[in-house]
Amino acid sequence: MQSETLVYLNGEFVPKSEAKISVFDHGLLYGDGVFEGIRAFGGSVFKLKEHVDRLYQSAACIELEIPMERERMVETVTETLRRNNLRDSYIRLVVTRGTGDMSVNPASCGEGTVFVITEPVASSTFPKDPRVLKTVITSVRRDPVDSTSHEIKSLNYLNSVLAVLEANRAKVDYPVMLDHRGFVSEGSTMNIFLVKDGTIITPPSS
């Protein structure tokens, strides 16, 4: 019987406790990398191809070459699920710039680091009653779109982390973030939708 979750890491499947990267990986040093958060329901991965396409698009925007073809990436995600015998799962697909020197210049980095983590979906993410969610409008504003490129799903999530910390202090379930103008933007990790006069609307991507 498998004792712990397996993680895909640079071509190998290793136990969770042995999945390690270098402290000189630029994904750790500078948040220089991209990721996708994906869900599997009943053994089927939701919009896997679209997630992989967005991963490669994000990587292209930061001139990061992913050392794997898209088709192989799709196979790797499904194989990671299969090896862990997971049907309902959260999947984290990550590509970093790879190992380099202490300079912020990515020219020192070699091949990128690729890993896939799969975990059972946590049942404590939201309250038991899905109709009730305690929230707070956090003082942490969402980064302007001309400050950080929001078409890039990067590893740098400090803006969201700060918002969650404020929500924790307020003892609520989830933070709502405003943009720099004071308009509703989104949650720390999720989009916000409003039903108005029978129509579902959400803030524009701009």
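Residues numbered from 1 in each chain as written. Predicted model: local features only at pLDDT ≥ 70, side-chain atom pairs only at ≥ 80, totals over all residues. Heavy atoms only, no water.

### Some points on the confidence of the model for the chain
Turning to step 1, where the next piece is worked out: Summary statistics for the chain give a mean pLDDT of 91 and a share of 92% for residues scoring 70 or more.
Turning to step 2, where the next piece is worked out: Taken element by element, the predicted model of the chain shows its lowest mean pLDDT in strand S9 (residues 184-187) (90) and its highest in strand S1 (residues 6-9) (98). (pLDDT = per-residue confidence, 0-100. Helix = DSSP H or I, 4+ residues; strand = E, 2+ residues; numbered from the N terminus.)

### Considerations on the sheet that holds strand S7 (residues 135-137)
Turning to step 1, where the next piece is worked out: In spatial order, the strands read S7-S8-S9; together these 3 strands make up an open sheet with mixed pairing. Of all strands in the sheet, those with a lone pairing partner are S7 and S9, marking the two edges. Taking each pair of neighbouring strands and ignoring which way they run, the sheet shows an average axis angle of 25 degrees.
Turning to step 2, where the next piece is worked out: Pairing analysis gives 3 bridges linking strand S8 (residues 174-178) to S9, with the strands arranged antiparallel. When the bridges of S9 are listed, methionine 177 appears paired with glutamate 186.
Turning to step 3, where the next piece is worked out: Lying over the sheet, helix H4 (residues 158-169) contacts S7 and S8, oriented at roughly 125 degrees with respect to S8. (Pairing = 2+ DSSP bridges. Axes fitted to C-alpha atoms, helices over the stretch in contact; angles between N-to-C directions. Contact = heavy atoms within 4.5 Å.)

### Some words on the environment of glutamate 69
Turning to step 1, where the next piece is worked out: Mapping glutamate 69 onto the fold places it in the loop between helix H2 (48-61) and helix H3 (70-83).
Turning to step 2, where the next piece is worked out: For the pair glutamate 69 and serine 185, spaced 116 residues apart in sequence, the C-alpha to C-alpha distance is 34 Å.

### Some remarks on the state of the cysteines
Turning to step 1, where the next piece is worked out: Using the criterion set out here, one finds 0 disulfides in the structure.
Turning to step 2, where the next piece is worked out: Cysteine 61 forms no disulfide, and the closest cysteine sulfur to it belongs to cysteine 109, at a distance of 18 Å. (Disulfide = S-S within 2.5 Å.)

### Quick word on the pattern of salt bridges
Pairing between side chains becomes possible if they bear opposite charge and their charged atoms approach one another.
Turning to step 1, where the next piece is worked out: For the structure on display, the rule yields 10 salt bridges.
Turning to step 2, where the next piece is worked out: A cluster of three or more residues bridged by salt bridges with shared partners is formed by Lys49, Asp53 and Arg70. (Salt bridge = Lys/Arg side-chain N within 4 Å of Asp/Glu carboxyl O.)

### Some points on the packing of aromatic side chains
Turning to step 1, where the next piece is worked out: Applying the stated criterion across every chain, the model contains 3 aromatic pairs.
Turning to step 2, where the next piece is worked out: Pairing tyrosine 8 with phenylalanine 13 gives two aromatic rings, centres 5.4 Å apart and planes at 70 degrees, and the pair type is edge-to-face.
Turning to step 3, where the next piece is worked out: On the basis of relative accessibility, which here comes to 5%, the residue tyrosine 8 falls in the buried class.
Turning to step 4, where the next piece is worked out: With centroids separated by 6.5 Å and ring planes inclined at 85 degrees, the aromatic side chains of phenylalanine 41 and phenylalanine 46 adopt a geometry described as edge-to-face.
Turning to step 5, where the next piece is worked out: On the accessibility criterion, phenylalanine 41 (43% relative accessible area) is partly exposed. (Phe/Tyr/Trp six-rings, centres within 6.5 Å; stacked < 30°, edge-to-face > 60°. Buried < 20%, exposed > 50% of the residue type's maximum accessible area, 1.4 Å probe, protein only.)

### Regarding a nonpolar patch on the surface
Turning to step 1, where the next piece is worked out: Together, Ile21, Val23, Phe24, Leu28, Tyr30, Met102 and Val104 make up a nonpolar patch on the protein surface, roughly 680 Å² of accessible area in all.
Turning to step 2, where the next piece is worked out: Summarising the element assignment, valine 23 is placed in the loop between strand S2 (12-15) and helix H1 (26-30). (Patch = residues over 30% accessible without salt bridge, like charges linked within 9 Å, V, L, I, M, F, W, Y side chains within 5 Å. Areas by Shrake-Rupley, 256 points an atom, 1.4 Å probe, with all protein chains shown as cover.)

### So, the side chain of serine 188
Turning to step 1, where the next piece is worked out: Along the chain, serine 188 turns up in the loop between S9 and strand S10 (194-196).
Turning to step 2, where the next piece is worked out: Given the relative accessible area of 3%, serine 188 is considered buried.
Turning to step 3, where the next piece is worked out: Discounting residues that sit within four places of it in the chain, serine 188 has contacts with Arg142, Tyr157, Ser160, Ala163, Val164, Tyr174, Pro175 and Met177.

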